[in-house]
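Single-letter residue listing:
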Amino acid sequence: MTTSGYVWKTLVLIGMLLHCGVALASSDTSITQRNKQFIAQAFQQWADGGGTFFQDVLSPDVIWTIKGTGPTAGIYRGRDAFIKQAVAPFAARLSTFVKPTVNNIWADGNDVVVYWNGAGVAKDGKPYNNSFVWIFKMENQRATEVIAFLDLSQYEDVINRIQLTAKPGT
C-alpha cells in the first residue's frame, strides 16, 4: 500500500472515530433532555391535579430510599410497597393533595435531580409545607431508583397528629 493509501485510511478512521464521538455525545444529550422533560412533565401533571405521578414515573420494581431518621426513613422495595407504606398513609391524612412547585431540575444522562416544594392541607385544617430533593435513576422512561431528602419531622407530624378512623370491616 502506498503512503497516500495509508494517509487516506488513517483519515477515514479518524473521521469515523470523530463521528462516533459526536453521535455518542448527541445520544447522551438526547437521553438527558428526554429524562429531564419526562420528569418535568410528570411534575406539571401532578401540580395540575393529576393523581398518577407514582404510577407514571416509577418502575414496578423501584427502590425508593428516604434519607434521614425516624420511622419513615428507610428503603422501600417496589412501587406498590412504597405507595402502600409511605404515600397512602400520608395522603389519607390530607384534605388536599400535596401540590408540587418545582424550583429546579438538573439532569445528566439517566440521573435527574428535582428540588421542589410541596404544599397541602391536613385533615385538621393545618397547612403542610415541605421542601424536597428527589434523585431519580432513570431507565426507559421509568425511575428504577429514587433517593428522597425532605424534612421528615413535617411528614411525621402529620402522620402522628391525624388519627385515621377504622372503617367497618377492617
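Presented here is a report on the structure given in the accompanying data block. (Residues numbered from 1 in each chain as written. Predicted model: local features only at pLDDT ≥ 70, side-chain atom pairs only at ≥ 80, totals over all residues. Heavy atoms only, no water.)

1. Quick word on the pattern of salt bridges
- Inspection of the entire model under this criterion finds three salt bridges.
- Lysine 137 serves as the salt-bridge partner of aspartate 111, at 2.8 Å between the closest nitrogen and oxygen. With aspartate 111 in strand 4 (residues 111-122) and lysine 137 in strand 5 (residues 127-139), the pair connects residues that are 26 residues apart, well separated along the chain.
- On the basis of relative accessible area, aspartate 111 is assigned to the partly exposed category, the value being 32%.
- You can call lysine 137 partly exposed: its relative accessible area is 36%.
- We note a salt bridge from aspartate 124 to arginine 161, for which the minimum N-O separation is 2.5 Å. Linking aspartate 124 in the loop between strand 4 and strand 5 with arginine 161 in helix 4 (residues 152-161), this pair joins segments that are 37 residues apart in sequence.
- Owing to a relative accessible area of 26%, arginine 161 belongs among the partly exposed residues under this scheme.
- Salt bridges here are not isolated pairs; linked through shared partners, they connect Asp124, Asp157 and Arg161. (Salt bridge = Lys/Arg side-chain N within 4 Å of Asp/Glu carboxyl O. Helix = DSSP H or I, 4+ residues; strand = E, 2+ residues; numbered from the N terminus. Buried < 20%, exposed > 50% of the residue type's maximum accessible area, 1.4 Å probe, protein only.)

2. Some thoughts on helix 4
- Leu152, Tyr155, Glu156, Val158 and Ile159 are the residues of helix 4 that are buried. One side of helix 4 holds all its buried residues, which, seen down the axis, span an arc of 150 degrees.
- Summarising the contacts, the buried residues of helix 4 are in contact with strand 1 (58-66), helix 3 (79-91), strand 3 (94-108), strand 4, strand 5 and strand 6 (142-150). (Arc of directions from axis to C-beta. Contact = heavy atoms within 4.5 Å.)

3. Concerning the nonpolar core
- Formed by 39 residues in total, the largest nonpolar core has its most connected members in Trp64, Trp134 and Phe136.
- Apart from the residues within four sequence positions on either side, tryptophan 64 is in contact with Phe54, Leu58, Gly74, Ile75, Tyr76, Phe82, Trp134, Val146 and Ala148. (Core = buried A, V, L, I, M, F, W, Y, C linked by side-chain atoms within 4.5 Å.)

4. Some thoughts on the environment of aspartate 108
- Turning to its location among the elements, aspartate 108 is positioned in strand 3.
- Considered as a pair, aspartate 108 and glutamine 33 are 75 residues apart in the sequence and their alpha carbons are 8.4 Å apart.

5. Some details on the side chain of arginine 93
- Locating arginine 93 in the fold gives a position in the loop between helix 3 and strand 3.
- This buried residue, arginine 93, is left without a salt bridge; aspartate 124 holds the nearest opposite charge, at 9.9 Å.
- For arginine 93, the side chain forms a polar contact with the main-chain oxygen of proline 89, separated by 2.6 Å.
- Apart from the residues within four sequence positions on either side, arginine 93 is in contact with Ala122, Lys123, Val158, Ile159, Ile162 and Leu164. (Lys, Arg positive; Asp, Glu negative; His and termini not counted. Polar contact = N/O pair within 3.5 Å; in protein donor to acceptor, adjacent residues only side chain to side chain.)

6. Remarks on the sheet that holds strand 5
- As summarised here, the arrangement of the six strands in space is 2-1-6-5-4-3, forming an open sheet in which the pairing is mixed. Two strands bound the open sheet, and with one partner strand each, they are strand 2 (74-77) and strand 3. When strand polarity is set aside, the average angle formed by the axes of neighbouring strands in this sheet is 20 degrees.
- With eleven bridges joining them, strand 3 and strand 4 adopt antiparallel strand pairing. Bridged to asparagine 104 within strand 4 is tyrosine 115.
- Those strands touched by helix 3 are strand 1, strand 2, strand 3 and strand 5, and its axis lies near 60 degrees from that of strand 1. (Pairing = 2+ DSSP bridges. Axes fitted to C-alpha atoms, helices over the stretch in contact; angles between N-to-C directions.)

7. Focus on the layout of surface pockets
- The calculated volume of the largest pocket comes to roughly 560 Å³.
- Along the wall of the largest pocket there are 29 residues; nearest its centre are Trp46, Phe54, Val87, Phe90 and Val98.
- In terms of residue count, the dominant contributor to the lining of the largest pocket is helix 3 (six residues). (1 Å grid on protein atoms, 1.4 Å probe; cavity = no way out; pocket = protein on both sides within 12 Å on 5 of 7 lines; lining within 4 Å. Points joined across faces, edges and corners; volume = space filled by probe spheres on them.)

Purely spatial values, then, with no claim about function.
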